[in-house]
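# Breakdown of the fold
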Amino acid sequence: MNYKTNKIMAGNLKLKGNWNELKGKLKKEYAKLTDDDLTYVEGQEDELLGRLQKKTGKTQDDLRKQLFD
């Protein structure tokens, strides 16, 4: 495993563990997000980031930092 893979795996664990809390914060910050927009399926982070990017106008890098770091 390389560094990037380890970072993604660690981020996935963080996201999975704190997802309900993160969803609440995102809904508060971006009222236009729906439960469907915030549906998280492990292994499909890129799809989640794409949906959030469309609704928030933020870049995927910014969203990645907000969710995974």
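Fair warning: this is a prediction, and the values are worked out from it, not measured in the lab.

In this section: the overall build of the chain. In terms of regular secondary structure, the chain is built from 3 helices and 0 strands. Ordered by position in the sequence, the α and β elements of the chain form the string α-α-α. Evaluated residue by residue, the chain yields a buried proportion of 29% over its 69 residues. When contacts within the chain are restricted to residue pairs at least 6 apart in sequence, those whose partners lie at least 24 apart make up 39%. With the model as given, the accessible surface of the chain reaches about 4800 Å², and the carbon-plus-sulfur share is 51%.

Moving on, we come to the confidence of the model for the chain. Residue-level pLDDT values for the chain average 77, and 75% of them are 70 or greater. No element of the chain has a lower mean pLDDT than helix H1 (residues 3-29), which averages 66, and none a higher one than helix H2 (residues 45-56), which averages 90. Predicted confidence is poor over residues 1-10, with pLDDT under 50, and the contacts of this stretch with residues over four places away or in other chains come to 3 contacts.

Judged by nonpolar contacts, the single largest core of 13 residues is most densely connected at Trp19, Leu26, Leu33, Leu38, Leu48, Leu52 and Leu67. Broken down by secondary-structure element, the contributors of at least two residues to this core are H1, H2 and helix H3 (60-68).

We now examine the pattern of salt bridges. Any two side chains of opposite charge can pair if their charged atoms end up close together. Inspection of every chain in the model, using the stated rule, returns 4 salt bridges. The salt bridge partner of Lys25 is Glu21, with a shortest N-O separation of 3.4 Å. Note that Lys25 and Glu21 are positioned in helix H1 at a spacing of 4 residues, about one turn of the helix. Among the ionic pairs, Asp35 bridges to Lys27, the shortest N-O distance being 2.4 Å.

Examined against the element boundaries, Asp37 turns out to sit in the loop between H1 and H2. Linking Asp37 and Leu52, residues 15 residues apart in sequence, is a C-alpha distance of 6.7 Å. Contacts of Asp37, omitting those with residues within four sequence positions, involve Lys32, Leu48, Arg51, Leu52 and Lys55. Reaching out from Asp37, the side chain makes a polar contact with the side chain of Lys55 at a distance of 3.2 Å.

What counts and how
- Residues numbered from 1 in each chain as written.
- Predicted model: local features only at pLDDT ≥ 70, side-chain atom pairs only at ≥ 80, totals over all residues.
- Heavy atoms only, no water.
- Helix = DSSP H or I, 4+ residues; strand = E, 2+ residues; numbered from the N terminus.
- Buried < 20%, exposed > 50% of the residue type's maximum accessible area, 1.4 Å probe, protein only.
- Contact = heavy atoms within 4.5 Å.
- Areas by Shrake-Rupley, 256 points an atom, 1.4 Å probe, with all protein chains shown as cover.
- pLDDT = per-residue confidence, 0-100.
- Core = buried A, V, L, I, M, F, W, Y, C linked by side-chain atoms within 4.5 Å.
- Salt bridge = Lys/Arg side-chain N within 4 Å of Asp/Glu carboxyl O.
- Polar contact = N/O pair within 3.5 Å; in protein donor to acceptor, adjacent residues only side chain to side chain.

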